[in-house]
Amino acid sequence: MIIKRLSLYNFKNHSEKKFEFSPQINCFVGNNGVGKTNILDALHYLSVGKSFLGNTDLNNIKAGEDFFSIDAEVENEDCDDIIRITQPKEAKKVIKKNDKSYDRLADHIGYLPSVMISPYDSNLISDSGESRRKFLDSMISQTDSEYLFDLIQYQKAVQQRNALLKYFAKNRTWDKDSLEIYDDPITKSGTKIFNKRKEFVEQLNPIVQSFYHIISGGKETVSVIYESHLLENPFEELLRESLERDRMLTYTSKGIHKDDLLFEMDRILIKKTGSQGQQKSFLISLKLAQMSLVKELTHKTPILLLDDIFDKLDDIRVSQLIELVNRESFGQIFITDTHRERTESVVKKINEESIIFEI
């Protein structure tokens, strides 16, 4: 998949910007605050329909304007597609492919897979399990068209069960039969999600280890471990055993909505023992492994978005990253940097056609 052209209108700080891209490497250089990362965020929108920075859609409309739109021409295997994302201030977001709107966002995700590597990735190590679950869900959603649908169904059923638990507590009443209505949809969709997460992490882990070995020089061993209540018991049993606890807490205390990923180095959590350099190397290995696995499972080469990472890595790690990019044939790459000279030096080491855009 190749993005040939991109047009932005009223997106964040860009009133109007148009680009024609190289099929290989595209670099956006300029001072801090000029909107380089915003361009990568627009490309991320084309892939998954939302901001990688976690901003709400309405907050991405340029101040004083009534809408934003992101238009792109994407080279597919046998034709060129036009993707358009429009967010009016007073209406819901619309995503179209060749002038036809998607019925649901899940139908678009996976069309144009992408991987973002940015300074914000450190949150995956330092934050709570929620950020790691979202990362895992985002990875799998790009490889499995039904996964996001199952996830939405599960979340809806859990929300309804939690609302009923709160109603019982507020009104000092209890109806076990009414609560059990939600057991079937929760266990069915939750078990499917669990199995897909478990399988995906089992495939991802050795690839992360391989990339980390190259970037770090093989000094440590890292692991990605899937943690879930369902590794202990079937979902039906979990709900049954935690019923009284859920009644007291007024929410569903066990399930795949509590899953986590453990990032370990030499069998200790990397956030406890890893240096900044080791953590950065791990995160890059994790994202490159994501890219490799998505490519293997979908037979599509994801676009690679590198946001300001050369400023955060020492020369040795930059060299290792460039070597990996050359070796793995990662496809179309988009890079942001504040130093044109550094960008030109890095790009020269990659044997591909490149364009540098001054922003």
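Since the structure is predicted, the reported quantities are computational estimates derived from the model, not experimental observations.

1. Thoughts on the UniProt feature "binding site: ATP" (unreviewed entry) in the protein chain
Turning to step 1, where the next piece is worked out: Under the local residue numbering, the UniProt record ascribes the feature "binding site: ATP" (unreviewed entry) to Gly30, Asn31, Asn32, Gly33, Val34, Gly35, Lys36 and Thr37.
Turning to step 2, where the next piece is worked out: Those residues in contact with Gly30, other than ones at most four positions away along the chain, are Lys36, Asp337, Thr338 and Ile359.
Turning to step 3, where the next piece is worked out: Relative to the elements of secondary structure, Thr37 occurs in helix H1 (residues 36-48).
Turning to step 4, where the next piece is worked out: Beyond its immediate chain neighbours, meaning those up to four positions away, Thr37 contacts Phe52, Asp307 and Thr336.

2. Some remarks on the side chain of Asp41
Turning to step 1, where the next piece is worked out: With respect to the helices and strands, the residue Asp41 is situated in helix H1.
Turning to step 2, where the next piece is worked out: Once you skip the residues sitting within four places of it in the chain, Asp41 turns out to touch Phe11, Lys12, Ser51, Phe52 and Leu53.

3. Here's the deal with the environment of Phe330
Turning to step 1, where the next piece is worked out: Here Phe330 lies in the loop between helix H11 (315-328) and strand S13 (333-337).
Turning to step 2, where the next piece is worked out: Under the relative-accessibility criterion, Phe330 is labelled buried at 4%.
Turning to step 3, where the next piece is worked out: What Phe330 contacts, discounting residues up to four positions off in sequence, is Phe211, Leu288, Met291, Thr301, Pro302, Leu304, Leu324 and Val325.

4. Some words on the layout of surface pockets
Turning to step 1, where the next piece is worked out: Counted as a void, the largest pocket has a volume near 1,500 Å³.
Turning to step 2, where the next piece is worked out: Lining the largest pocket are 46 residues, with Lys50, Ser131, Lys134, Phe135 and Ser138 sitting closest to its centre.
Turning to step 3, where the next piece is worked out: For the lining of the largest pocket, the secondary structure elements donating two or more residues are H1, strand S8 (114-117), helix H2 (123-126), helix H3 (129-141), helix H4 (147-171) and helix H10 (276-298).
Turning to step 4, where the next piece is worked out: Here the residues of the lining of the largest pocket are counted per class, giving 18 nonpolar, 17 polar and 11 charged.
Turning to step 5, where the next piece is worked out: Among the domains, domain 1 (1-113 + 304-358) and domain 2 (124-299) are the pair contributing at least three residues each to the lining of the largest pocket.

5. Focus on the nonpolar core
Turning to step 1, where the next piece is worked out: With 72 residues, the main nonpolar core has Phe263, Phe282 and Leu286 as its most contacted residues.
Turning to step 2, where the next piece is worked out: Per-element accounting of this core gives the leading share, 12 residues, to helix H6 (residues 183-216).
Turning to step 3, where the next piece is worked out: Counting contributing residues, this core receives three or more from each of domain 1 (1-113 + 304-358) and domain 2 (124-299).
Turning to step 4, where the next piece is worked out: Among all residues touching Phe282, those that are not within four sequence positions of it are Ile125, Val208, Tyr212, Val222, Ser223, Val224, Phe263 and Ile270.
Turning to step 5, where the next piece is worked out: If you look at the next biggest cluster of nonpolar residues, it comprises 31 residues, including Phe28, Ala42, Phe52 and Ile85.

6. Observations concerning the pairing of strand S2 (residues 14-20)
Turning to step 1, where the next piece is worked out: As defined by bridge partners, strand S1 (residues 2-11) adjoins S2 across 6 bridges and the pair is classed as antiparallel. Within the sheet, the bridge partner assigned to Leu6 lies in S2 and is Phe19.
Turning to step 2, where the next piece is worked out: Following S1, the chain reverses through 2 residues before pairing antiparallel with S2; Lys12 in that reversal takes a positive phi of roughly 55 degrees.

Calculation rules
Counting of residues starts from 1 at the beginning of each chain's written sequence and follows it residue by residue. Only residues with pLDDT of 70 or above have their local features reported here, since the model is predicted, and side-chain atom pairs are shown and tallied only from 80 upward, although totals for entire chains, interfaces and linings are computed over all residues. In computing side-chain properties, one takes all heavy atoms of the structure into account and sets aside hydrogens as well as water. UniProt positions are given in the numbering used here, feature names are shortened, and annotations may be inferred rather than shown by experiment. Contacts are assigned to residue pairs with any non-hydrogen atoms lying within 4.5 Å of each other. Note on conventions: DSSP H or I runs of at least 4 residues are helices, E runs of at least 2 residues are strands, and numbering of each starts at the N terminus. Residue burial is assigned from relative accessible area. The probe radius is 1.4 Å, only protein chains are included, and a residue is buried under 20% of its type maximum, exposed over 50%, and partly exposed in between. Grid spacing is 1 Å over the protein atoms alone, the probe is 1.4 Å, and a cavity is where that probe fits but cannot get out, while a pocket is an open set with protein on both sides within 12 Å along at least five of seven lines and lining residues have an atom within 4 Å of a point. Grid points are joined across faces, edges and corners, and a volume is the space filled by probe spheres set on the points. Residues are grouped as follows: Ala, Val, Leu, Ile, Met, Phe, Trp, Tyr, Cys and Pro are nonpolar; Asp, Glu, Lys and Arg are charged; all remaining types, including Gly, are polar. Domain ranges listed in this record stem from an automatic or a database domain assignment. Take the buried Ala, Val, Leu, Ile, Met, Phe, Trp, Tyr and Cys residues and link them wherever side-chain atoms come within 4.5 Å; each set so joined is a nonpolar core. Note: two strands are recorded as paired if DSSP finds a minimum of 2 bridges between them.

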